[in-house]
Amino acid sequence: MVIGAVVVVGVGVVGGGGYYYASQQAEKKFQEKIELIKSSFPGVAITYADHHINVFSQETTIDKVVLKDKGNTVYTADKVSAVLGSEYEIKKLNIDKLAIKKERDTEAPFTIGYIEIANAKADAGWIVLEDGKIKKIVPSKISFGLLNIQNFRFKDKYSPEFKITQYQMKNYGLDQKTDLLLKDLTSKDGRNDFSIGSFNIDQVNLAEISKRQEEFFADENNYRSVNAVTNGLIQQLSTMQFSTLNVENLQYKDAYNTTFKMAQYQIKEYGLDKKTDILLKDLSIKDRKDDFSLGAFNINQINLADIVKSQAEYSVGENNHRSLNDEFKRVFHTLSMVQFNLFSIDNLQFKDYNSAFKIAQYQMKDYGVGRKTSQSLKDFSVNIPIYNKIAVSLASYENSGVDLATIMKVFGSQSFDLNNLNDLSKKMRDVQQEYIQKLGGIQGVTKAAGFKFSVGEDFASLGTLTVNSNLDKQGKSDQTYAFDNLEFSVLDSNYGEYWDIFRQMGYKTISASGSVNVQYQNDTNGLSVSLNNLVFKDIGKINATLQGNIPLDIVYRSPESILSNPNAKFKEFSVVIQNTGIFERLLKLGSQKQGKTEAEVKESMVSSVKEVMQGQKEIPASFAEDTVKTLESFMQNPQKTEIQFSSLPAAPISAANINDKSPTELFGMFNLKIQAVPVK
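Please read these numbers as outputs of a predicted model, since none were measured by experiment. (Residues numbered from 1 in each chain as written. Predicted model: local features only at pLDDT ≥ 70, side-chain atom pairs only at ≥ 80, totals over all residues. Heavy atoms only, no water.)

**Q** Can you tell me about the overall build of the protein, naming the residues and giving the values?
**A** Counting its secondary structure elements, the protein contains 15 helices and 30 strands. Counting every position in the protein, which comprises 680 residues, the buried fraction comes to 36%. Looking at the protein alone, contacts between residues at least 24 apart form 54% of all its contacts between residues at least 6 apart. Entry remark: accessible area of the protein is about 37,800 Å², with carbon and sulfur atoms responsible for 53%. (Helix = DSSP H or I, 4+ residues; strand = E, 2+ residues; numbered from the N terminus. Buried < 20%, exposed > 50% of the residue type's maximum accessible area, 1.4 Å probe, protein only. Contact = heavy atoms within 4.5 Å. Areas by Shrake-Rupley, 256 points an atom, 1.4 Å probe, with all protein chains shown as cover.)

As structure tokens, this is what we get:
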């Protein structure tokens, strides 16, 4: 504001319309303005070495200007040049080497190399003075074509050195779009250093935002609490508009060696009814313990301002005592309103001592109500040095075909009892059914590859997993889970005697592949599960099917609830087991432990099974006999013979059907059969 006072000093020519005053008249007006400044700011003293008034160009130039206020603050400038228009109007103002200091100071802590102002105007009431001091500035009542400040510096013995190479604003004022530029900002004291290479925001409605802020803070009720102020700021953000906001080379370092760096942060086309692009590059945060970095973060064509506006509207009238369920609904309501073409994260890493977290790339495409969203993940890994070292990694993940935004919208319309798991399970199913009714079904594909998990010496890994899901509007679902190269280490005896037996047979790892198919029909509660060619390398192969009727409302409860429900019915079960190596290893292990030949071990196994079957009186003689025959046939040629076990009841069986039934009757009801057949 002192600059404004100095501007008034530069009056040499008043008026316009082609009228020119004689130099004597110009000098008179100049002196009048000097006196006006002194009367407006009581106690102000103004001196200068020389001045010149160009009658033709209407420019006044003043050399070696010194202004001292009654608080003993001294303002000096090597040169001030100005062309003024009518009252509160500056056509041109240039100030060279402005310095501000207390009279007692030997060096000015505040200096500006150059200031340029062009086409500046102010409406009445733009400044409020009280006792010769500036009490209030009203930014919305000011406008200008250019404000350019170069080589700004502030340094005193109590504060860090603060520098700005350039600060520039173009076209500021109501109904104007402003361009703002800042270059080379630094704040340093040797302990806490901060810098920005450049900051610019183009075509922003800055004066309109200023006016809204003035109106907001004019009402004390608007900042009665932190929550009220926060809501007010959100409302301000929702009304902002700009074409580009760009920050480059932001860095911070503190005395504890904590560093924060960001190569670039950019937002394009922000405003209501606009689609915004957001970009962040090369972010890193480091201290003595933690190291975080992010190669790139991208969101393209997101309705950002509309989301901010919805949050502002949602916040009106709220208090700080919202329930957890309300917050839950609010989050999903907001997520349902989001739209974007691409969300991407590249090269995210976090390290803490010996632990590490990495993601090479995560992408989500085409998110929004009515869009089929796809997701992908590449090279994910986590390492945690707790007890035995834990490591998890995933080479790739892909998912497509689901309208995630609509799912969020359905979630936002529900009321969940987060403390009731049964209610939560039911609501989750309701969400699925509502989604299916809205979109006519679900057809999705999920693929994962290169999964690895290890704890110390033990590990598990998966080559690929592919999940195909198809749920139609009539309530029929069909899901297939196909996988290959599932491999895990055989645990030691501390985890159970069965694992120890596998180790004794020479298995260090177990590898499997195959597929599982699950089908369900809502109207009949019909469930069908099948294992297709589940192959365990050098062990065996399994094919199995299970069919029954299980109501969805008991699927997520305990097994007892399924067995006791009269609508839960068993229809059939079958399993086919083929040996591909485990039987031979079992024979060899038995031979070593018992000191017998493998033929003798076979005879011993048959005798043991026969003895067990004969000792169990509840087992029908026919089934016991078939079991022994099956084992004998299998042992004659283990590589070419498979065992088939099945249960094919004449009618579906529920828990009510089997109450008070004897074991013999149950065997008859379930129609259990076992046999050995040649491998096809």
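That was the structure; now back to the text.
**Q** Explain the pairing of strand β13 (residues 242–253) to me, using residue names and the numbers behind them.
**A** Relative to β13, strand β12 (residues 193–204) is paired through 9 bridges, and the arrangement is antiparallel. Within the sheet, the bridge partner assigned to asparagine 200 lies in β13 and is asparagine 246. Here β13 pairs with strand β14 (residues 259–270) via 10 bridges, running antiparallel. Following the sheet pairing, leucine 245 is matched in β14 by isoleucine 267. Counted between consecutive antiparallel strands, the loop separating β13 from β14 contains 5 residues, among which asparagine 257 sits at a positive phi close to 70 degrees. (Pairing = 2+ DSSP bridges.)

**Q** Break down a positive patch on the surface for me, with residues and values.
**A** A cluster of like positive charges, contributed by Lys253, Lys261, Lys286, Lys351 and Lys358, occupies part of the molecular surface. Turning to its location among the elements, lysine 261 is positioned in strand β14. A residue is classified by how much of its surface remains accessible, and lysine 261, at 41% relative accessible area, is partly exposed. (Patch = residues over 30% accessible without salt bridge, like charges linked within 9 Å, V, L, I, M, F, W, Y side chains within 5 Å. Salt bridge = Lys/Arg side-chain N within 4 Å of Asp/Glu carboxyl O. Lys, Arg positive; Asp, Glu negative; His and termini not counted. Charge placed at Lys NZ, Arg CZ, Asp CG, Glu CD.)

**Q** Go over the packing of aromatic side chains, please, and point to the residues and values.
**A** Per the counting criterion, the structure on display carries 15 aromatic pairs. Each ring, one from phenylalanine 343 and one from tyrosine 362, has its centre 6.1 Å from the other, and the planes form 70 degrees; the classification is edge-to-face. With phenylalanine 343 in strand β17 (residues 340–352) and tyrosine 362 in strand β18 (residues 355–367), the pair connects residues that are 19 residues apart, well separated along the chain. According to the relative accessible area criterion, tyrosine 362 is buried, its value standing at 18%. Through a chain of ring-to-ring contacts, three or more aromatic side chains come together here, namely Phe297, Phe340, Phe343, Tyr362 and Tyr367. For the cation-ring pair, arginine 585 lies above tyrosine 507, with the distance from its terminal atom to the ring centre recorded as 4.1 Å. (Phe/Tyr/Trp six-rings, centres within 6.5 Å; stacked < 30°, edge-to-face > 60°. Lys NZ or Arg CZ within 6 Å of the ring centre and 35° of its normal.)

**Q** Describe in detail the side chain of serine 647, supporting the description with residues and values.
**A** Here serine 647 is to be found in strand β28 (residues 641–647). Looking at serine 647, the relative accessible area reads 2%, which means it is buried. A distance of 2.7 Å separates a polar side-chain atom of serine 647 from the backbone oxygen of phenylalanine 670. The residues touching serine 647, leaving out its near neighbours within four places in the chain, are Phe570, Lys571, Glu572, Phe573, Phe670, Asn671 and Leu672. (Polar contact = N/O pair within 3.5 Å; in protein donor to acceptor, adjacent residues only side chain to side chain.)

**Q** Describe the pattern of salt bridges, listing the residues and the values that go with them.
**A** If the charged atoms of two oppositely charged side chains come close together, the side chains can form a pair. In this structure the tally under the stated criterion is 7 salt bridges. Note that aspartate 78 and lysine 64 form a salt bridge whose closest N and O atoms lie 3.7 Å from each other. You can see aspartate 78 sitting in strand β4 (residues 73–84) and its partner lysine 64 sitting in strand β3 (residues 59–68), a full 14 residues away along the chain. Overall, aspartate 78 belongs to the partly exposed group, its relative accessible area being 30%. Classification of lysine 64 by relative accessible area gives partly exposed; the value is 48%.

**Q** Talk me through unusual backbone geometry; I want residue IDs and the actual numbers.
**A** Residue asparagine 119 is not a glycine yet carries a positive backbone phi of 55 degrees. Tracing the chain through its elements places asparagine 119 in strand β6 (residues 110–122). One non-glycine residue, asparagine 257, adopts positive backbone phi at about 70 degrees. Relative to the helices and strands, asparagine 257 resides in the loop between β13 and β14. Judged by relative accessible area, which is 43%, asparagine 257 ranks as partly exposed.

**Q** So what's going on with the packing of helix α11 (residues 582–594) against helix α12 (residues 598–615)? Which residues, and what values?
**A** Orientation of α11 relative to α12, taken along the N-to-C sense of each, is 100 degrees, at an axis distance of 9 Å. In terms of orientation, α11 and α12 fall into the roughly perpendicular class. Packed against α11, whose contacting residues are Phe583, Leu586, Leu587, Lys588, Gly590, Ser591 and Gln594, the element α12 presents Glu598, Val601, Lys602, Ser604 and Met605 at the interface. (Axes fitted to C-alpha atoms, helices over the stretch in contact; angles between N-to-C directions. Parallel < 35°, antiparallel > 145°, perpendicular 65-115°, else oblique.)

**Q** Now, about the nonpolar core: what can you tell me, with residues and values included?
**A** Ranked by internal contacts, the top residues of the largest apolar core, which has 85 residues, are Phe242, Phe340, Tyr367 and Ile407. Broken down by element, this core gets its largest block of residues, 6 residues, from helix α7 (residues 404–412). Phe583, Val628, Phe634 and Met635 belong to the second largest nonpolar core, which has 8 residues in total. (Core = buried A, V, L, I, M, F, W, Y, C linked by side-chain atoms within 4.5 Å.)

**Q** Got a sec to walk through the packing of α12 against helix α13 (residues 621–636)? Specific residues and values, please.
**A** Across the interface, α12 lies against α13 with an axial gap of 9 Å and an inter-helix angle of 170 degrees. By the criterion of interaxial angle, the relationship of α12 to α13 is roughly antiparallel. Residues Lys602, Met605, Val606, Val609, Lys610 and Met613 of α12 form the contact with α13, whose participating residues are Ala624, Thr627, Val628, Leu631, Glu632 and Met635. Looking at the contact of α12 with α13 residue by residue, the classes come out as 8 nonpolar, 1 polar and 3 charged. (Nonpolar A, V, L, I, M, F, W, Y, C, P; charged D, E, K, R; others polar.)

**Q** I'd like to hear about a nonpolar patch on the surface, residue by residue, with values.
**A** On the surface, Tyr498, Ile501 and Leu586 cluster together into a nonpolar patch covering about 300 Å² of accessible area. With respect to the element layout, tyrosine 498 can be found in helix α9 (residues 497–504). Exposure remark for tyrosine 498: the relative accessible area of 62% places this residue in the exposed category.

**Q** Now, about the side chain of serine 489: what can you tell me, with residues and values included?
**A** Secondary-structure assignment places serine 489 in strand β23 (residues 476–489). Residues within four places of serine 489 in sequence aside, it is in contact with Glu457, Asp458, Phe459, Trp499, Lys508 and Thr509.

**Q** Describe the environment of tyrosine 88, listing the residues and the values that go with them.
**A** Position of tyrosine 88 among the secondary structure elements: in the loop between β4 and β5 (89–102). With 38 residues separating them in the primary sequence, tyrosine 88 and tryptophan 126 have C-alpha atoms 9.3 Å apart. Excluding anything up to four places from it in sequence, tyrosine 88 contacts Ala120, Lys121, Ala122, Ala124 and Trp126.

**Q** So what about the environment of glutamine 150? Which residues, and what values?
**A** Relative to the assigned elements, glutamine 150 resides in strand β9 (residues 142–154). Along the backbone, glutamine 150 and glutamine 168 are 18 residues apart, and their C-alpha atoms lie at a distance of 8.4 Å.

Geometry only, nothing functional implied.
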